[in-house]
Amino acid sequence: MDIRTQKITNSAVLVELSGKFNIEEVFRFEEYINEIMNNMPSAIAINMEEIKYIDSSGIGSLIKTMNIAKGRNIDLVITGIDKEILHIFKIAYLDRFFTIMSYQEFLDHYSK
């Protein structure tokens, strides 16, 4: 999996993921995202537009990340989620746990 970061504002960060988000990538993702959260942004968007496969370890890592973010009062948003992955999220009711929006909605809300 490839991970790139883009600062949107002083308090909002975009993390772009591409490739497969599986058990082999979880540790690297969690290290990377924890480093970003240590800087205490007010919001982080995880753009999953280029993720076409995610396994249960990847989903578990996103849940763990969401819980850590909530504990630190950081808004965590998922953007650009593939329709098949979104379907899996809906079956597991994860669409009720995560804030899922388009990248433009994230920009409109957090770049003020």
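Structure shown above.
An account of the accompanying structure is given in this report. (Residues numbered from 1 in each chain as written. Predicted model: local features only at pLDDT ≥ 70, side-chain atom pairs only at ≥ 80, totals over all residues. Heavy atoms only, no water.)

**A look at the sheet that holds strand 4 (residues 75-79)**
Working step 1: Sheet architecture is open: five strands sit in the order 1-2-3-4-5, paired in mixed fashion. Whereas interior strands pair on both sides, the edge strands pair on one side only; in this sheet they are strand 1 (2-7) and strand 5 (99-100).
Working step 2: The sheet contact formed by strand 3 (residues 43-54) and strand 4 spans five bridges and is parallel. Looking at strand 4, one finds that I46 is bridged to I78.
Working step 3: Docked against the sheet, helix 2 (residues 56-71) engages strand 2 (12-21), strand 3, strand 4 and strand 5, running at close to 175 degrees with respect to strand 3.
Working step 4: Where helix 4 (residues 103-110) meets the sheet, its contacts fall on strand 1, strand 2, strand 3 and strand 4, and the angle it forms with strand 4 comes to roughly 150 degrees. (Pairing = 2+ DSSP bridges. Helix = DSSP H or I, 4+ residues; strand = E, 2+ residues; numbered from the N terminus. Contact = heavy atoms within 4.5 Å. Axes fitted to C-alpha atoms, helices over the stretch in contact; angles between N-to-C directions.)

**Quick word on the packing of aromatic side chains**
Working step 1: Tallying each qualifying case throughout the model produces four aromatic pairs.
Working step 2: Plain terms: the ring middles of F97 and F98 are 5.1 Å apart, the flat faces sit at 85 degrees to each other, and that makes the pair edge-to-face.
Working step 3: The exposure class assigned to F97 is partly exposed, which follows from its relative accessible area of 26%.
Working step 4: Classification of F98 as buried rests on a relative accessible area of 4%.
Working step 5: Put simply, the rings of F89, F97 and F98 pair up and form one aromatic cluster. (Phe/Tyr/Trp six-rings, centres within 6.5 Å; stacked < 30°, edge-to-face > 60°. Buried < 20%, exposed > 50% of the residue type's maximum accessible area, 1.4 Å probe, protein only.)

**Description of helix 2**
Working step 1: Its 16 residues give helix 2 an end-to-end C-alpha distance of 23 Å, which sits within 8% of 22 Å, the value for a rise of 1.5 Å per residue.
Working step 2: Taken together, the buried positions of helix 2 are occupied by G58, I59, S61, L62, T65, M66 and A69. One side of helix 2 carries all its buried residues, which in axial view fall inside an arc of 155 degrees. Those residues of helix 2 that are exposed and aimed more than 90 degrees away from the buried face are S56 and G71.
Working step 3: The inward-facing, buried residues of helix 2 abut strand 2, helix 1 (26-38), strand 3, strand 4, helix 3 (83-91) and strand 5.
Working step 4: The backbone nitrogen of S57 has a side-chain oxygen 3.0 Å away, supplied by the residue at the start of helix 2, namely D55.
Working step 5: After helix 2 finishes, the residue N73 shows a positive phi value of roughly 60 degrees. (Expected span 1.5 Å × (residues − 1). Arc of directions from axis to C-beta. Polar contact = N/O pair within 3.5 Å; in protein donor to acceptor, adjacent residues only side chain to side chain.)

**Quick notes on the pattern of salt bridges**
Working step 1: Scanning the model with the defined rule gives four salt bridges in all.
Working step 2: Measuring nitrogen to oxygen at the nearest pair gives 3.4 Å for the salt bridge that ties D2 to R4.
Working step 3: Residue R4 is classed as partly exposed on the basis of its relative accessible area, which comes to 33%.
Working step 4: When the shortest N-O distance is used, the salt bridge between K64 and E30 registers 3.2 Å. Remark: E30 occurs in helix 1 and K64 occurs in helix 2; sequence separation between them is 34 residues.
Working step 5: For K64, a relative accessible area of 43% puts it in the partly exposed group. (Salt bridge = Lys/Arg side-chain N within 4 Å of Asp/Glu carboxyl O.)

**Concerning the pairing of strand 1**
Working step 1: Both strand 1 and strand 2 contribute to a ladder of six bridges, which runs antiparallel. In the strand pairing of strand 2, D2 is matched with S18.
Working step 2: Where strand 1 hands over to strand 2, the hairpin turn is made up of four residues, counted between the paired strands.

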